[in-house]
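Each chain, letter by letter, is given below.
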Amino acid sequence: MKQENDRPNYHIIFRTCDKVATIHKSPRPFGLDKKTLIKLCFASVYESVKNAPHALHILGDDLSEEMLGFFKGYPVTIINKKMGNDASLLESFKLAHTFPDNAWVYFCEDDYLHSGPQTFAGVDDLIVNRSAIMRLRRSKRVRRLLGERVASMPLLIHPTDYPDRYGPGKVKPSLIFLSNYCHWRQISNVTFTFLCSVSTFKKYFPILAKSAHGANDGYLSRALFGNFPGRARCICVSPIPGIATHLHEGAMSPFTDWKSIVENQKSLLFMKKN
């Protein structure tokens, strides 16, 4: 049974810029403009993690006075300077290097909406009870593919369940784990929104730093778990259903009423403002 003092301590790096459109020119859902989207996504992170041991860090890329004023209304530390996407990524990795090894770091881009207070309860459960959740049957086939490493491999957690990963030509064999909150599916691709232990981050810092050039999450994924399910350096899992979603049309985690969550966050922000 999980005890309160077993809970991970999270450092959330919320990396944000309110002056750019989407990199891939994908339309934003629900008619959201960029500043409103950032506010809603950050508020959802704050609501999700506020009952867990945590520290929130805002890494702003030349933020406007409006956005700086918004973030100053929360218990956060703020770094704000003109950087650009690649430099911002590298700055987030340098910041993570200052955190204690036994903490967990959450690199969070500013267009990911989180589902609610249960978000980090499910992550807590996976981290704390991992040895039981990820224990595999010791068959010859499993040993041949993965040895007996799965429960002890460095772990990354990607909070979204991208629907395109189930499309024609995209489906591949994956390990599935059942926790107390959801299923977790092994995946082989991440964006720059993910959680890992700080010790794991430091171990693979050279790979992460290289991936910052061109914001190359494809390189990052191949380098860390590209030979999955074979000789991967790490194992990466995402929840089913997703506990967060990328707010892009066509990329949103299925089976969750994200529009209702957006409207609820709007109401909470309105009450906070007044």
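Preceding this paragraph is the structure being described.
As the structure is a prediction and not an experimental result, all values here were calculated from the model.

Enquirer: How would you sum up the pairing of strand 4 (residues 104–109)? Please name residues and give values.
Expert: Counted residue by residue, strand 4 has six buried out of six residues, so it is predominantly covered. Of the two faces of strand 4, the one lined by Trp104, Tyr106 and Cys108 and the one lined by Val105, Phe107 and Glu109 are each fully buried. Pairing analysis gives four bridges linking strand 4 to strand 9 (residues 194–197), with the strands arranged antiparallel. Among the inter-strand pairings, Phe107 is bridged to a residue of strand 9, identified as Phe194.

Enquirer: How would you explain the pairing of strand 9 if you had to name every residue and give the values?
Expert: Here strand 9 shows two buried faces, one formed by Phe194 and Cys196 and the other by Leu195 and Ser197. Where strand 6 (residues 155–157) lies against strand 9, two bridges are found, and the strand directions are antiparallel. The partner of Leu156 across the bridge, within strand 9, is Cys196.

Enquirer: Requested: an account of the side chain of Asp110, with residues and values cited.
Expert: Relative to the helices and strands, Asp110 is located in the loop between strand 4 and strand 5 (112–114). Reaching out from Asp110, the side chain makes a polar contact with the side chain of Thr16 at a distance of 2.9 Å. The residues contacting Asp110, other than those within four sequence positions of it, are Phe14, Arg15, Thr16, Cys17, Lys34, Leu37, Ile38 and Cys41.

Enquirer: I'd love a proper account of the side chain of Thr191, names of residues and values included.
Expert: Within the secondary structure, Thr191 is located in the loop between strand 8 (183–187) and strand 9. Side chain to side chain, Thr191 and Tyr112 meet in a polar contact 2.8 Å long. A distance of 3.2 Å separates a polar atom in the side chain of Thr191 from the backbone nitrogen of Thr193. Beyond its immediate stretch of four places on either side in the chain, Thr191 contacts Glu109, Tyr112, His158, Tyr162 and Asp217.

Enquirer: Kindly report on the sheet that holds strand 7 (residues 176–178), identifying the contributing residues and their values.
Expert: Pairing between the strands of a sheet is mediated by backbone hydrogen bonds and can be parallel or antiparallel. An order of 3-2-1-4-9-6-10-8-7 is seen for the nine strands of this open sheet, with the pairing classed as mixed. Of all the strands in the sheet, the pair left with one neighbour each is strand 3 (77–81) and strand 7. On average, each strand axis in the sheet is inclined to that of its neighbour by 25°, with strand direction left out of account. Sitting on the sheet, helix 1 (residues 34–49) touches strand 1 (10–16), strand 2 (54–61) and strand 4, and the angle it makes with strand 1 is about 180°.

About the criteria used
Residues numbered from 1 in each chain as written. Predicted model: local features only at pLDDT ≥ 70, side-chain atom pairs only at ≥ 80, totals over all residues. Heavy atoms only, no water. Buried < 20%, exposed > 50% of the residue type's maximum accessible area, 1.4 Å probe, protein only. Helix = DSSP H or I, 4+ residues; strand = E, 2+ residues; numbered from the N terminus. Pairing = 2+ DSSP bridges. Polar contact = N/O pair within 3.5 Å; in protein donor to acceptor, adjacent residues only side chain to side chain. Contact = heavy atoms within 4.5 Å. Axes fitted to C-alpha atoms, helices over the stretch in contact; angles between N-to-C directions.

Shape descriptors only; they carry no functional weight alone.
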